[in-house]
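Each chain, letter by letter, is given below.
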Amino acid sequence: MVEHKPWRGIFTIPVTPFDEQGELDLDALRRVVDFSCEQGAHGIVHPVMASEFFTLSDEERLRMIPIVVRQVNGRVPVVIGVAGVCTQAAVTFARAAREAGADAVIAMPPYVQKYAPDDVLRYYEAIGRAFQGPVFIQNAGIAALSRDQVLRILREVEQVHYVKEEVQPAHHNIGALVLAGEPRLWGVFGGSGGNNMIAELSRGAAGNMPACHLTGILVRIFELWERGERHAARALHWRVQPLMQKLGPAKRHLVRLGVLACARTRAAGPAWDEEDEREAELAWAALQECLRTGA
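Residues numbered from 1 in each chain as written. Predicted model: local features only at pLDDT ≥ 70, side-chain atom pairs only at ≥ 80, totals over all residues. Heavy atoms only, no water.

Draft legend 1. Focus on the pattern of salt bridges. A complete count under the given rule lists 15 salt bridges for this structure. With its nearest N and O atoms 2.7 Å apart, the salt bridge here joins arginine 75 to aspartate 34. Placement of arginine 75 in the loop between α2 (58–72) and β3 (78–81) and of aspartate 34 in helix α1 (residues 26–38) is noted, with a sequence separation of 41 residues between them. Note on arginine 75: relative accessible area 41%, which makes it partly exposed. With its nearest N and O atoms 2.7 Å apart, the salt bridge here joins arginine 155 to glutamate 182. You can see arginine 155 sitting in helix α5 (residues 147–156) and its partner glutamate 182 sitting in the loop between α6 (170–179) and β7 (187–190), a full 27 residues away along the chain. Residue classification places arginine 155 among the partly exposed residues on the basis of a relative accessible area of 47%. Take glutamate 182: its relative accessible area is 11%, and that puts it in the buried class. (Salt bridge = Lys/Arg side-chain N within 4 Å of Asp/Glu carboxyl O. Helix = DSSP H or I, 4+ residues; strand = E, 2+ residues; numbered from the N terminus. Buried < 20%, exposed > 50% of the residue type's maximum accessible area, 1.4 Å probe, protein only.)

Pasting the structure below:
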């Protein structure tokens, strides 16, 4: 495990590649992990929502955990998604993450049969015992927690030190968690593909956890912010944000970049046609020009 100090930055989420038959493509997964690291990611998070974790079998998730950790090979911290439909499932994934040498785990509460607050607390206690390292709470709309619930878990579960906050308005919720001054909270990360990252950083976010296809762009914005070049960070984010939204699904963009050969997904996604692809190509060209010139 990487020697721990409070993490900041773009902890990017590799997609889970499938072949044309919808089966896992583990060689492509390795390429996506390498791409994410080469783009400057400060950490790797997998599998979570952007990885289509909810479409994966338990066996598939357990196969991928050591592959992702080995492929990163200590370049950056690895955070393994261990959310489960029940405590026992999450514990299984947390143990596998520990055995593989992951640096942290992340979990939202059970998202099919919702747990009562005391049971959610016990769920995170069980994950913490199984992993024996830093735990992120993922607070997302599918299994949303109140600020008081999040703070209670932070205060009462020894291993829980981070939050990924995605319940809207996420930047307000991030600010409220930061202002709570909880010493056991080491950092709050945003999500939503980095689309609201500046508002989150302005309120004390430690970084963002986006899908991996725009890692390099978001890393550039974050590092401008960290150097104190706040005007430049805002200007670049304002300039590229509408273009980012026109690139289309992450896997299609990774095919465009040559990282993936197949954009197959198991999750429901938007319809996509040739006109969409043309618009995405134009957005990509404009984005590259913007990054090249700094305009």
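Following the structure, the description resumes.
Draft legend 2. The arrangement of the environment of threonine 265 in detail. Checked against the element boundaries, threonine 265 lands in the loop between α10 (250–256) and α11 (274–293). Counting along the chain gives 49 residues from threonine 265 to glycine 216, while the straight-line C-alpha distance between them is 23 Å. Beyond its immediate sequence surroundings of up to four residues, threonine 265 is in contact with Phe18, Glu52 and Lys251. In terms of polar contacts, threonine 265 uses its side chain to reach the side chain of glutamate 52, at 2.5 Å. (Contact = heavy atoms within 4.5 Å. Polar contact = N/O pair within 3.5 Å; in protein donor to acceptor, adjacent residues only side chain to side chain.)

Draft legend 3. Molecular detail of the environment of glutamate 182. Separated by 11 residues in sequence, glutamate 182 and glycine 193 have C-alpha atoms that sit 26 Å apart. The contacts of glutamate 182, once residues within four sequence positions are left out, are Leu151, Leu154 and Arg155. Among the polar contacts made by the side chain of glutamate 182, one reaches the main-chain amide nitrogen of arginine 184 at a distance of 3.1 Å.

Draft legend 4. Highlighting the nonpolar core. Ile80, Tyr124, Ile127, Ile153, Ile221 and Val240 are the most contacted members of the largest nonpolar core, which has 80 residues in total. Top contributing element to this core by residue count: helix α4 (residues 117–131), with 8 residues. In contact with isoleucine 127, other than residues within four places in its own chain, are Val82, Ala90, Val91, Ala94, Val105, Ala107 and Val135. In terms of nonpolar packing, the next biggest core, distinct from the first, is built from 13 residues, Val45, Val79, Ala104 and Ile106 among them. (Core = buried A, V, L, I, M, F, W, Y, C linked by side-chain atoms within 4.5 Å.)

Draft legend 5. Structural view of the packing of aromatic side chains. Evaluation of the coordinates by the stated rule reveals 12 aromatic pairs. Here the basic side chain of arginine 61 rests over the ring of phenylalanine 93, its NZ or CZ set 3.8 Å away from the ring centre. In this structure, arginine 230 packs its charged tip against the face of tryptophan 225, placed 4.1 Å from the ring centre. (Phe/Tyr/Trp six-rings, centres within 6.5 Å; stacked < 30°, edge-to-face > 60°. Lys NZ or Arg CZ within 6 Å of the ring centre and 35° of its normal.)

Draft legend 6. Layout of the pairing of strand β6 (residues 160–165). Here β6 lies mainly inside the structure; 6 of its 6 residues are buried. Where strand β5 (residues 135–139) and β6 come together, 5 bridges link them in parallel fashion. Paired with asparagine 139 across the strands is glutamate 165, a residue of β6. Once you follow β5 into α5 and on to β6, the crossover reads as right-handed. Where β6 meets β7, 3 bridges bridge the pair, whose relative direction is parallel. Among the inter-strand pairings, valine 163 is bridged to a residue of β7, identified as valine 188. Handedness of the crossover joining β6 and β7 through α6 is recorded here as right-handed. (Pairing = 2+ DSSP bridges. Right-handed = clockwise from strand over helix to strand, strands pointing away.)

Draft legend 7. View of unusual backbone geometry. With omega at -10°, the peptide bond leading from histidine 46 into proline 47 counts as cis. Position of proline 47 relative to the elements: it lies in the loop between β2 (43–46) and α2. Residue glutamine 168 is joined to proline 169 through a cis peptide bond whose omega torsion reads -5°. Within the chain, glutamine 132 stands out as a residue other than glycine whose phi angle is a positive 60°. Along the chain, the position of glutamine 132 falls in the loop between α4 and β5.

All we've got here are geometric facts, nothing functional implied.
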